[in-house]
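Structure at a glance
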Amino acid sequence: MNYRKFGKTGFNISEVSLGTWQLGGKWGTPFDEQDAQATLAEAYDRGVNFFDTADGYQDGASERAVGQFIKTHPDVHFTTKIGRKEEPLTAEHFSPKNIDRYVDNSLKNMDINALDMVLLHCPPTSVMYQPETFFELDRLQKLGKIRHYGVSVEKVEEGIKALDYNVAGIEIIFNMFRLRPAKLFFDLAQKHDVGILARVPLASGLLSGKYTADTKFAPADHRSNNRHGEHFDKGETFSGVDYLTGVKAADELKQRLGTDRLAAMALRYILMYDAVSAVIPGASNPTQIERNTAAAELAPFTTEQMAIVQSVYDQYIKNPVDYLW
Ligand SMILES: NC(=O)c1ccc[n+]([C@@H]2O[C@H](COP(=O)([O-])OP(=O)(O)OC[C@H]3O[C@@H](n4cnc5c(N)ncnc54)[C@H](OP(=O)(O)O)[C@@H]3O)[C@@H](O)[C@H]2O)c1
């Protein structure tokens, strides 16, 4: 495993880290505490020292599991995300009063004295123009309740606006099917010494190249029920790519890159960008963790391989993805 500087935080985090949205079981099944601890331990044993969680994941169970794990592994860092537990989502959810409440809840949930990093969890764009929210985070930082803060954003422009504040990290979708952040945002983030977490790095699994036109997902899985943004931004599901188009584009990537391990290649591709501090793939079993962490050991992409990714993107993905996020 290799470790990268996480912006101005002073943390050195594993370049392949772990997302914990689906920690503790499959989508829609009850949370399995033992499974969650085993998953975190599997990642840790492979060099992962950074977990991304949120107050809303599994109704707080993901946060509790990460909190429990770090009690015996104090070298692990984490982000938790706040503000999306209560629907429908409005800018009011990110008012100073509510921010205080969420931070206190997360501290309690994780049973910890200070949160390494709090991210606003995909707030509406207007929150970026609501400075009192960020000033409140500054205040909580001075009080010692949070060490750093940032934003998990949907759109590139939201990430750019967030740089006006004292953010230390931005979480954004970036993968072989979402290239626009590299064009517009990465240099700016680096200039501000802001770390980037590349979320949904496998386009919800599409970039493993294992799905076909006939693959079925469980009804409670967002990959069944959020393809058109029925519950939240459709960009979070398959990275906003039409499913069948994504299957075709992934098949072409496999063939042109000459690999049957596209998932690891897809992660290695993201790590070609120095501005990225870590990729945070989710995993539904230990083998996936093993394969994903192995991405850190792969050879860098050649110029020719980089061009293949760009050409598949331009042919299949750019329109409409580049215009929506
Ligand atoms: N709004 C936000 O801030 C937000 C939104 C989304 C995600 N996130 C964060 O980003 C993390 C990652 O996102 P994600 O889990 O949605 O998407 P992802 O990492 O792109 O895809 C994860 C899925 O890919 C498949 N997979 C993983 N490794 C694999 C491998 N080696 N080989 C084959 N298949 C593999 C698994 O699907 P199968 O179950 O089909 O095997 C897994 O559930 C989340 O856990 C969360 O921490 C944040």
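Notes on the structure in this doc start here. Since the structure is predicted, the reported quantities are computational estimates derived from the model, not experimental observations.

**Topic: the overall build of the protein**
If you tally the helices and strands in the protein, you get twelve helices and ten strands. Since a compact globule built from 325 residues should have a radius of gyration of about 20 Å, the 18 Å found for the protein is in line with a globular shape. Counting every position in the protein, which comprises 325 residues, the buried fraction comes to 58%. Within the protein, residue pairs in contact and separated by at least 24 positions form 75% of the contacts whose partners lie at least 6 positions apart. Entry remark: accessible area of the protein is about 13,600 Å², with carbon and sulfur atoms responsible for 50%. In the protein, 36 side chains carry a positive charge and 43 a negative one; their mean positions are 2 Å apart.

**Focus on the site of the ligand**
Neighbouring the ligand are 31 residues, the closest being Asp-52, Ser-152, Leu-202, Lys-210 and Tyr-211. Lys-210 is positioned with one of its side-chain polar atoms (N or O) 2.6 Å from an oxygen atom of the ligand. With respect to the ligand, the side chain of Tyr-211 contributes an N or O atom lying 2.6 Å from an oxygen atom. Look at the ligand: alone it shows 910 Å² of surface, and the protein chains cover 93% of it.

**Looking at unusual backbone geometry**
Looking along the chain, the bond that leaves Asn-319 and enters Pro-320 is cis, with omega of 20 degrees. By the secondary structure assignment, Pro-320 is in helix H12 (residues 303–324). Backbone geometry places Ala-203, a non-glycine residue, at a positive phi of 50 degrees. Mapped onto the elements of the fold, Ala-203 is located in the loop between strand S9 (195–199) and helix H8 (222–225). On the accessibility criterion, Ala-203 (0% relative accessible area) is buried. With phi around 60 degrees, Ser-239 is a residue other than glycine that occupies positive phi space. Mapped onto the elements of the fold, Ser-239 is located in the loop between H8 and helix H9 (243–257).

**With respect to the pairing of strand S5 (residues 77–82)**
Counting buried positions over the six residues of S5 gives six, a clear majority of the element. Side chains His-77, Thr-79 and Lys-81 project from S5 onto one buried face, and the interleaved Phe-78, Thr-80 and Ile-82 project onto a second face that is buried too. Across three bridges, strand S4 (residues 50–52) lies against S5 in parallel orientation. Paired with Phe-50 across the two strands is His-77, which belongs to S5. This β-α-β element, S4 to helix H2 (residues 61–72) to S5, shows right-handed connectivity. Where S5 and strand S6 (residues 115–121) come together, three bridges link them in parallel fashion. Counted as the bridge partner of Ile-82 is Leu-120 from S6. As for the winding sense of the linkage, the β-α-β connection from S5 through helix H3 (residues 96–110) to S6 is right-handed.

**Quick notes on the sheet that holds S4**
Strand order across the open sheet formed by eight strands is S3-S4-S5-S6-S7-S8-S9-S10, with parallel pairing between neighbours. A strand with exactly one partner marks an edge of an open sheet, and here the two such strands are strand S3 (18–19) and strand S10 (276–279).

**Side note on empty space enclosed by the protein**
Evaluation of the coordinates by the stated rule reveals one cavity of 30 Å³ or more. Lining the largest cavity are Val-16, Ser-17, Leu-18, Ala-43, Val-48, Pro-281, Gly-282, Ala-283, Ile-289, Asn-292 and Thr-293. Looking at the lining of the largest cavity, the element that brings in the most residues is helix H11 (residues 286–293), giving three residues. Each residue belonging to the lining of the largest cavity can be placed in one class, and the counts come to seven nonpolar, four polar and no charged.

**Digging into the side chain of Glu-63**
Its location among the elements puts Glu-63 in helix H2. As a buried residue without a salt bridge, Glu-63 has its nearest oppositely charged side chain in Lys-85, at a separation of 6.5 Å. Glu-63 has contacts with Thr-53, Ala-54, Asp-55, Thr-80, Ser-106, Asn-109 and Met-110, leaving out every residue within four places of it along the chain.

**Notes on the environment of His-77**
Following the sequence through the fold, His-77 ends up in strand S5. The exposure class assigned to His-77 is buried, which follows from its relative accessible area of 17%. Taking the C-alpha atoms as reference points, His-77 and Ile-13, 64 residues apart in sequence, are found 7.5 Å from one another.

**Comments concerning the pattern of salt bridges**
Across all of its chains, the model carries 20 salt bridges by this definition. Of the charged contacts in the structure, one is a salt bridge between Asp-116 and Arg-147, with a shortest N-O distance of 2.7 Å. Taken as a pair, Asp-116 in strand S6 and Arg-147 in strand S7 (residues 146–152) lie far apart in primary sequence, 31 residues in all. Glu-136 is the salt-bridge partner of Arg-139, the closest N and O atoms lying 2.9 Å from each other. Residue Arg-139 and its partner Glu-136 are both found in helix H4 (residues 131–143); the two are separated by three residues, about one turn of the helix. Taking relative accessible area as the criterion, Arg-139 reaches 39% and is therefore assigned partly exposed. Through salt bridges with shared partners, a single network forms among Asp-52, Lys-81 and Glu-171.

Definitions and cut-offs
Residues numbered from 1 in each chain as written. Predicted model: local features only at pLDDT ≥ 70, side-chain atom pairs only at ≥ 80, totals over all residues. Heavy atoms only, no water. Helix = DSSP H or I, 4+ residues; strand = E, 2+ residues; numbered from the N terminus. Rg over C-alpha atoms; globule rule 2.2 N^0.38 Å. Buried < 20%, exposed > 50% of the residue type's maximum accessible area, 1.4 Å probe, protein only. Contact = heavy atoms within 4.5 Å. Areas by Shrake-Rupley, 256 points an atom, 1.4 Å probe, with all protein chains shown as cover. Lys, Arg positive; Asp, Glu negative; His and termini not counted. Charge placed at Lys NZ, Arg CZ, Asp CG, Glu CD. Near = heavy atom within 4 Å. Polar contact = N/O pair within 3.5 Å; in protein donor to acceptor, adjacent residues only side chain to side chain. Pairing = 2+ DSSP bridges. Right-handed = clockwise from strand over helix to strand, strands pointing away. 1 Å grid on protein atoms, 1.4 Å probe; cavity = no way out; pocket = protein on both sides within 12 Å on 5 of 7 lines; lining within 4 Å. Points joined across faces, edges and corners; volume = space filled by probe spheres on them. Nonpolar A, V, L, I, M, F, W, Y, C, P; charged D, E, K, R; others polar. Salt bridge = Lys/Arg side-chain N within 4 Å of Asp/Glu carboxyl O.

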